[in-house]
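Chains, contacts and geometry: an overview
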Amino acid sequence: MKQDRGFPPAPVVFPGDEPFWEAARSGELQARHCSACDTPHYYPRMHCPFCGSREMSWRKLSGRGTIYSYSIVERSPRPVAPVIIELEEGLRVHSVILDSDVRALNIGDPVTLRFVPAQDGPPVPAFTTTCAEAARAYTQAARAEVEAQALRSQRVFRRAVVIGAGNMGAGIAMALLAGGLSVHLIDQAEASHAAAIGRIGESLGRDVERQRLAPAERDARLARLTSGQEMAEIANADVVIEAVWEDLALKQQLFAQIDRYAPPGALLATNTSTLDINLIAAATQRPDSVVGLHFFNPANVMRLIEVIRTSSTSIEALDAARSLAASIGKFAIVVGVCDGFVGNRMMIARERQAARLLLEGALPDQIDRVQRNLGLPMGTFELQDMAGGIELTFRARQKAGKKDWLIEQLHARGRTGQRAGRGYYRYEPGKRRPLVDPEVTALIEEASRVEGIERRAISDEEVHDRLVLLMINEGAKLLAEGIVGRASDIDLVWQLGYGWPDWKGGPMYYADMLGLQSIVTKLTALRAHHGDLFRPAELLVQLAEASERISNVRTLR
Ligand code: 3HC
């Protein structure tokens, strides 16, 4: 998992504590043991706090214990609870519980040791709950399965062409460069591909400043990056990834051209997030070589690629796509064609419900806080501000001829998201921190009036249930429809594409933690108030009746 900058800091090594930190490097927790009074202690002292003797040795501890007391740091970038742990050996140690559901802790809960990589120096001891450990083990098994599938093809990719130098195209180019490929960016507008090259250079520069990247590696990546307007450049490509605006006719026209120039055997991919890739593949003479490679924003950071299999994609092309993903350090989750595929279909269900909650009385910061409390790095409105969601929804509504007063007002005021400095939130110049904006609050209240909806206080629990249970329900439908073959793949999509924490497994694993019967009951109650959208999926009902777990479901091998 990616580490937060500056946390945890390098440990302070007191004189005489060197053996402790040496053992920590191999994941072992040690305490001093007084030979005179036969008592262990965990203080950075050269003498025994009980009898004063200096005759001490280091002994290994089990690393298992229970919570004696805890508090919660609310303003931490990730869940953290300073704790006192009572270890099996009887001594109490000050430590922290990290990356576990700190809001669900109880005195007496069992915990186990977990060393966390520090900024510099040896790893630092922290503790975790048994629930979080179980979720991590589930995650590891799911990832191992995906990694094993990536080994089926030994295909080597050296040269990529990315078409479309917007935000996604530039992010995809960065991901490919980081994986050692040469990348040629094509965009019809010279200004766009030149700007993309500039943005990539700046981002790599920031990585060098933050000491995440060696200057020589930055230079090597930039030396492998070229750009231009000519489609003929495709002639040398091992893989072509199209990332232009979501317009079927435009993509079909591009794929006909790609087909003309691409060498035999090249993998032809679209980064569409919504369109029917069967129709895009049909524009070529080699639909078997066409796949969807759906990257997640920011494409250079998120470790997921949804590989979309059309009705004609060959096994070779699928395996090649898996191999490409692995070679750039990403996980390929193979899914079928449907509107939004797996991740976005669930996300859009959540977004629509979140928009409804705004009209009924909630505000963006409440809705986002409830989602961050789950351990997600961002809530739905922060995410939309980052990924240009207001512009996308505005265009989608226009295309469908649907009215959406709030979206139209936000759009008309230039509130298109973080890049514009304002969206659902406002942003200080050059900063990414979302700030509540009274203008948006007033617009939302007005939107309720326009829609004739009386605003009411909405509890955090209602926000959670209406967003998260809906996502779980959608996940169950995706499994039943065969769009995705394993429930654990849905969980990986959410972990790797949206930052759902590995210590919470993913939405399907979380569903099992909540209990399927309780979910079905809640969905049924929500349906009575809010309509058929909340009708429990057949699969959920069947599994609940059979007392089975949804995270175990797999329909494909
Ligand atoms: N806006 C844009 N880019 C951002 C960003 C933001 N708010 N935050 C981070 N980034 C990008 C930048 O490239 C940044 O590098 P830079 O600072 O040199 O420009 C890089 O990520 C790394 O930034 P940080 O080290 O600061 O990363 P953080 O620890 O702050 O994490 C995050 C940032 C990775 C964006 C994290 O908050 C996260 O995982 N958020 C969830 C993202 C998500 O849900 N993505 C899915 C979107 S839906 C989608 O992609 C569907 C598709 O169809 C479009």
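In this numbering scheme, every chain counts its residues from 1 along its sequence in written order. Given that this is a predicted model, residues contribute local features only at a pLDDT of at least 70 and side-chain atom pairs are listed and counted only at 80 or more, while totals for whole chains, interfaces and linings are drawn from all residues. To get the side-chain values, take all heavy atoms of the structure and skip hydrogens and water.

**Remarks on the overall build of the protein**
- Counting from the N terminus, the helices are DSSP H or I runs at least four residues long and the strands are E runs at least two residues long. Within the protein, the secondary structure is distributed over 19 helices and 16 strands.
- We take the radius of gyration over the C-alpha atoms and set the globule estimate at 2.2 Å times the residue count to the 0.38 power. For 557 residues, the compact-globule formula gives about 24 Å, and the C-alpha radius of gyration of the protein, at 26 Å, lands near that figure.
- Taken along the three principal axes of its C-alpha coordinates, the protein extends 85 × 60 × 50 Å.
- Residue burial in the protein is summarised as follows: out of 557 residues, 50% are buried.
- The method behind every accessible area is Shrake-Rupley, applied with a 1.4 Å probe, and residues are considered shielded solely by the protein chains displayed. Surface summary for the protein: the accessible area is close to 25200 Å², and the carbon and sulfur share equals 51%.
- Just so you know, the count uses Lys and Arg for positive and Asp and Glu for negative, and it drops His and the chain ends. Charged groups are reduced to one reference atom each: NZ for lysine, CZ for arginine, CG for aspartic acid, CD for glutamic acid. Between the averaged position of the 66 positive side-chain charges in the protein and that of its 68 negative side-chain charges there is a distance of 2 Å. Buried, partly exposed and exposed residues are distinguished by accessible area as a fraction of the type maximum, computed with a 1.4 Å probe on protein chains only: under 20%, between the cut-offs, and over 50%, respectively.

**Regarding the side chain of Thr129**
- With respect to the helices and strands, Thr129 occurs in strand 8 (residues 124-129).
- Overall, Thr129 belongs to the buried group, its relative accessible area being 10%.

**As for the domain arrangement of the protein**
- The start and end points of each domain follow an automatic or database-based domain assignment. Domain annotation of the protein identifies domain 1 (2-143), domain 2 (156-337), domain 3 (362-451) and domain 4 (461-552).
- Put simply, the middle of domain 3 and the middle of domain 4, counted by C-alpha atoms, are 26 Å apart.
- Any two residues whose heavy atoms approach within 4.5 Å are treated as being in contact. In this complex, domain 3 contributes 10 residues to the contact, which on the side of domain 4 involves 11 residues.
- A combined buried area of about 800 Å² lies between domain 3 and domain 4, and 81% of that area is made up of carbon and sulfur atoms.
- Considering only the surface of domain 3 that becomes buried against domain 4, Val370, Leu374 and Leu376 emerge as the three largest contributors, covering 59% of it.
- Whenever a carboxyl oxygen of Asp or Glu lies within 4 Å of a side-chain nitrogen of Lys or Arg, that contact is scored as a salt bridge. In this structure, the connection of domain 3 to domain 4 is made through zero salt bridges.
- Two N or O atoms form a polar contact when they lie within 3.5 Å of each other; inside protein one atom must be a possible hydrogen donor and the other a possible acceptor, and for residues adjacent in sequence the pair counts only when both atoms belong to side chains. Run the count over domain 3 and domain 4 and you get one residue pair in polar contact (both at pLDDT 80 or more).
- Broken down by element, the residue count for the side of domain 3 that touches domain 4 peaks at five residues, all from helix 10 (residues 364-373). In this description, buried area is defined as the sum, over both parts, of the accessible area (probe of 1.4 Å) that is lost when the two are combined.

**Some thoughts on the pattern of salt bridges**
- What the rule picks out here adds up to 40 salt bridges.
- Of the charged contacts, one joins Asp207 and Arg212 as a salt bridge, the two residues approaching to 3.9 Å between their closest N and O atoms.
- Since its relative accessible area comes to 18%, Asp207 is described here as buried.
- Residue Glu428 pairs with Arg426 through a salt bridge whose shortest N-O separation is 3.4 Å.
- For Glu428, a relative accessible area of 38% corresponds to the partly exposed category.
- Given the relative accessible area of 33%, Arg426 is considered partly exposed.
- Where salt bridges share partners, they join Arg356, Glu360, Arg456, Glu462 and Arg466 into one cluster.

**Description of the sheet that holds strand 1 (residues 30-34)**
- Two strands qualify as a pair provided DSSP detects at least 2 bridges between them. Taken in spatial order, the three strands make up an open sheet running 2-1-3, and their pairing is antiparallel. One side of each edge strand has no neighbouring strand; the edge strands of this open sheet are strand 2 (39-41) and strand 3 (56-60). When the angles between neighbouring strand axes are averaged without regard to direction, this sheet yields 40°.
- Pairing of strand 1 with strand 3 involves five bridges; the strand directions are antiparallel. From the neighbouring strand, Cys34 faces strand 3, where its bridge partner is Met56. Every angle, taken between N-to-C directions, lies between 0 and 180 degrees, and every axis is a line fitted to C-alpha atoms, over only the stretch in contact when it is a helix.

**Overview of the pairing of strand 4 (residues 64-70)**
- Two elements, strand 4 and strand 7 (residues 110-116), share three bridges in a ladder whose sense is antiparallel. Note that in strand 7 the partner of Arg64 across the bridge is Thr112.
- Relative to strand 5 (residues 80-87), strand 4 is paired through five bridges, and the arrangement is antiparallel. Bridge pairing in strand 5 links Gly65 to Leu87.

**Focus on helix 6 (residues 248-261)**
- The terminal C-alpha atoms of helix 6, which comprises 14 residues, lie 20 Å apart, in line with the 20 Å expected from a rise of 1.5 Å per residue.
- Residues of helix 6 that are buried include every one of Lys251, Leu254, Phe255, Ile258 and Asp259, and no others. The arc that holds every buried residue of helix 6, seen down its axis, measures 145°, which confines them to one face. Residues of helix 6 that are exposed and point more than 90 degrees away from the buried face comprise Gln253 and Arg260.
- Taken together, the buried residues of helix 6 touch strand 9 (159-163), strand 12 (239-242), strand 13 (267-270), helix 7 (277-281) and strand 14 (290-295). Under the convention used throughout, the expected extent of a helix is 1.5 Å for every residue step, that is, one less than its residue count. The arc in question is the one traced by the directions running from the helix axis out to the C-beta atoms.

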